[in-house]
Amino acid sequence: MKFVDINGEKIWSVIYDEESVDALTKLFRDWNDLDFLEEFFTKNSGDLASYFRITDIDLAIYDTLEDAHELRCVILDISPDADVDRLFRHLENSRIAEMLLGREKARGRRRVHDSWLRIYALKLERNTYLITGGAIKLTRTMEEREHTLAELRKMEKVRNFLIEQGAVDIDGLKDIANDGKSN
């Protein structure tokens, strides 16, 4: 795996060995791909209806496109003095303390219903995050569906790799990124 700086060393993203682009770029490609979204919402229409009370797949696609655009703008337009910690929250809602390479999430902001878009990251240090992936989350917990459970696994894989390499802060990540090490 490799790591790329997305936004002035505040936001980084992982490139998995089996991928040609970083995780953040892949997310936004998927979230703007009408075929991908139609297939996803058709396959998961039961979750969409039961958790969000939405039965119109076209509306779900429209909301996703709108949320993805807004979230992309927020992520890519982060200024050097921005407080990125306000964008990300602990993945575990019950966690109250910081932890080494803490698992975090960012989400879109909808006015009509909660956003189902999630960007998952590891917190390297204050205002510095490594994007590991993301998902359209239509259930209460990530463990309920395979696609969100896969995101948990990816996050843990990256976290374990960084700990094994001793890269538990931005300097460690930069060392790995500059050395071109891969797993």
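Residues numbered from 1 in each chain as written. Predicted model: local features only at pLDDT ≥ 70, side-chain atom pairs only at ≥ 80, totals over all residues. Heavy atoms only, no water.

J.: Describe the pairing of strand 6 (residues 128-136), naming the residues involved and giving the relevant values.
T.: Burial analysis of strand 6 places 9 of its 9 residues in the buried class, which makes it a mostly covered element. In this structure, strand 2 (residues 11-15) lies alongside strand 6, joined through 3 bridges in parallel fashion. Its bridge partner lying in strand 6, Trp12 is registered against Leu130. As defined by bridge partners, strand 5 (residues 117-125) adjoins strand 6 across 8 bridges and the pair is classed as antiparallel. Each bridged residue has a counterpart across the sheet, and for Tyr120 the counterpart in strand 6 is Gly133. The loop that links strand 5 with its antiparallel partner strand 6 comprises 2 residues; one of these, Asn127, has a positive phi angle of about 65°. (Buried < 20%, exposed > 50% of the residue type's maximum accessible area, 1.4 Å probe, protein only. Helix = DSSP H or I, 4+ residues; strand = E, 2+ residues; numbered from the N terminus. Pairing = 2+ DSSP bridges.)

J.: Describe a negative patch on the surface, listing the residues and the values that go with them.
T.: Negative charge collects at one region of the surface, where Asp33, Asp35, Glu38, Glu39, Asp56 and Asp58 lie side by side. If you tally residues by element for the negative patch, the top one is helix 2 (residues 34-43), at 3 residues. Topologically, Glu39 is positioned in helix 2. Take Glu39: its relative accessible area is 59%, and that puts it in the exposed class. (Patch = residues over 30% accessible without salt bridge, like charges linked within 9 Å, V, L, I, M, F, W, Y side chains within 5 Å. Areas by Shrake-Rupley, 256 points an atom, 1.4 Å probe, with all protein chains shown as cover. Salt bridge = Lys/Arg side-chain N within 4 Å of Asp/Glu carboxyl O. Lys, Arg positive; Asp, Glu negative; His and termini not counted. Charge placed at Lys NZ, Arg CZ, Asp CG, Glu CD.)

J.: Provide a residue-level description of the nonpolar core, including the pertinent values.
T.: Note that soluble globular proteins tend to have their nonpolar side chains buried in a common cluster. With 52 residues, the main nonpolar core has Phe3, Phe41, Phe88, Trp116, Ile119 and Leu162 as its most contacted residues. In terms of residue count, the dominant contributor to this core is strand 5 (6 residues). When near neighbours in sequence (up to four residues on either side) are disregarded, Trp116 contacts Phe41, Leu48, Phe52, Ile54, Ala60, Asp63, Thr64, Ala135, Ile136, Lys137 and Leu138. (Core = buried A, V, L, I, M, F, W, Y, C linked by side-chain atoms within 4.5 Å. Contact = heavy atoms within 4.5 Å.)

J.: Explain the confidence of the model for the protein chain to me, and be specific about the residues and the numbers.
T.: Per-residue confidence for the protein chain gives a mean pLDDT of 90, with 92% of residues at or over 70. For the protein chain, the element scoring lowest by mean pLDDT is strand 4 (residues 102-107), at 83; helix 2 scores highest, at 98. (pLDDT = per-residue confidence, 0-100.)

J.: Could you give me a rundown of the sheet that holds strand 1 (residues 2-7), with the residues and numbers involved?
T.: Taken together, 6 strands build an open sheet; the order of strands is 1-2-6-5-4-3 and the sheet is mixed. Sheet topology places strand 1 and strand 3 (89-90) at the edges, where each strand pairs with a single neighbour. Note: strand 3 against strand 4, 2 bridges, orientation antiparallel. Across the sheet, His90 pairs through a bridge with Glu104, a residue of strand 4. Helix 4 (residues 57-76) contacts strand 1, strand 2, strand 4, strand 5 and strand 6 of the sheet and is inclined by roughly 20° relative to strand 5. Across the sheet, helix 5 (residues 146-165) is in contact with strand 1, strand 2, strand 4, strand 5 and strand 6; its angle to strand 6 comes to roughly 160°. (Axes fitted to C-alpha atoms, helices over the stretch in contact; angles between N-to-C directions.)

J.: Quick rundown of the side chain of Lys10? Include the residues and the values.
T.: On the secondary structure map, Lys10 appears in the loop between strand 1 and strand 2. Polar side-chain contacts of Lys10 include one of 2.7 Å to the backbone oxygen of Ala82. Contact partners of Lys10, with chain neighbours within four places excluded, come to Ile78, Ser79, Pro80, Asp81, Ala82, Val84, Asn127, Thr128 and Tyr129. (Polar contact = N/O pair within 3.5 Å; in protein donor to acceptor, adjacent residues only side chain to side chain.)

J.: Could you give me a rundown of the packing of aromatic side chains, with the residues and numbers involved?
T.: Counting across every chain of the model gives 8 aromatic pairs. Centroid distance Phe41 to Trp116: 5.6 Å. Interplanar angle 65°. Geometry classified as edge-to-face. Residue Phe41 is found in helix 2, and its partner Trp116 is found in the loop between strand 4 and strand 5; the two are separated by 75 residues along the sequence. Considering the side-chain rings of Phe52 and Trp116, the 5.0 Å spacing of their centres and the 85° angle between planes classify their relative orientation as edge-to-face. Of this pair, Phe52 sits in helix 3 (residues 45-52) while Trp116 sits in the loop between strand 4 and strand 5; the two residues are 64 residues apart in sequence, bridging distant segments of the chain. (Phe/Tyr/Trp six-rings, centres within 6.5 Å; stacked < 30°, edge-to-face > 60°.)

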